[in-house]
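# Commentary on secondary and tertiary structure
One letter stands for each residue in the lines below.
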Amino acid sequence: MIEKEVTVTIKEGLHAKPAGELVQNLSRFTSDVEFQFKNRSYNAKSILGLMGAGIREGQIITVKIEGPDEEETLEWLETFI
């Protein structure tokens, strides 16, 4: 399992369009991806979960990734987010 703090650099945060793109791209990976933000956990492969999180640009989230392609998943996620 990989756990890392990441600063969100997406302009205006994870609103509908970038959240949709994130979920769509993460579906290519088999690893489970979870975001922890404000003492709550969110499934990063669920658009409804991400939309409810209210993650904005400049905020720090903890990313937890577990699975056979976790390093590739983290590498892609860091470039996207």
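Counting starts from 1 at the beginning of each chain's written sequence and moves along it residue by residue. Since the coordinates come from a predicted model, pLDDT governs what is reported: local features require at least 70, and pairs of side-chain atoms require 80 or more to be given and counted, while whole-chain, interface and lining totals use all residues. Excluded from the side-chain calculations are hydrogens and water; all other atoms, namely the structure's heavy atoms, are used.

### Observations concerning the overall build of the protein chain
Note the following rule: Only DSSP runs of H or I reaching four residues or more are called helices, and only runs of E reaching two or more are called strands; each is numbered from the N terminus. Restricting the calculation to C-alpha atoms gives the radius of gyration, and the globule rule supplies 2.2 Å times the number of residues raised to the power 0.38. Note on exposure labels: buried denotes an accessible area under 20% of the residue type's maximum, exposed denotes more than 50%, and partly exposed covers the range between, all computed with a 1.4 Å probe on protein chains only. Every residue pair with non-hydrogen atoms within 4.5 Å of one another is taken to be in contact. Reported accessibility uses the Shrake-Rupley method at a 1.4 Å probe radius. Residues are deemed covered only where the shown protein chains occlude them. Working convention for charge: Lys and Arg count positive, Asp and Glu count negative, and His plus the chain ends are omitted. To locate a charge, the coordinates of NZ of Lys, CZ of Arg, CG of Asp or CD of Glu are taken.
Scanning the protein chain from N- to C-terminus turns up 3 helices and 4 strands. Seen in sequence order, the protein chain has helices and strands lined up from the N terminus as β-α-β-β-α-β-α. In terms of C-alpha radius of gyration, the protein chain reaches 11 Å, essentially the compact-globule figure of 12 Å for 81 residues. For the C-alpha atoms alone, the extent of the protein chain along its principal axes is close to 30 × 25 × 20 Å. Here the protein chain holds 81 residues, and the buried ones make up 41% of them. By sequence separation, contacts in the protein chain at least 24 residues apart represent 71% of the contacts at least 6 residues apart. Within the structure as shown, the protein chain displays about 4900 Å² of accessible surface, and the carbon and sulfur contribution to it stands at 45%. Taking the average place of the 9 positive charges on the side chains of the protein chain and the average place of its 14 negative ones, the gap between the two points comes to 9 Å.

### Some words on the confidence of the model for the protein chain
Low pLDDT means the predicted atomic positions in that stretch should not be read closely. Condition: Confidence scores here are pLDDT values: one per residue, from the predictor, ranging 0 to 100.
Considering every residue of the protein chain, the mean pLDDT works out to 95; 100% of them sit at 70 or more. For the protein chain, per-element mean pLDDT is lowest for helix α2 (residues 47-53), which scores 88, and highest for strand β4 (residues 60-66), which scores 98.

### Focus: helix α3 (residues 70-80)
One turn of the α-helix equals 3.6 residues, which is why residues spaced by three or four share an orientation. Here is the rule we go by: Note: the arc covers the axis-to-C-beta directions of the helix.
Listing the buried residues of α3 in full gives Glu70, Thr73, Leu74, Trp76, Leu77 and Phe80. Viewed end-on, α3 has its buried residues packed into an arc of 165 degrees, placing them on one side of the element. Facing away from the buried side of α3, by more than 90 degrees, are the exposed residues Glu71, Glu75 and Thr79.

### Here we look at unusual backbone geometry
At Glu12, a position not held by glycine, the phi torsion is positive, near 70 degrees. Position of Glu12 relative to the elements: it lies in the loop between β1 (2-7) and α1 (16-26). If you check the backbone angles, Asn39 has positive phi at about 60 degrees while not being a glycine. Residue position: Asn39 is located in the loop between β2 (32-37) and β3 (40-43).

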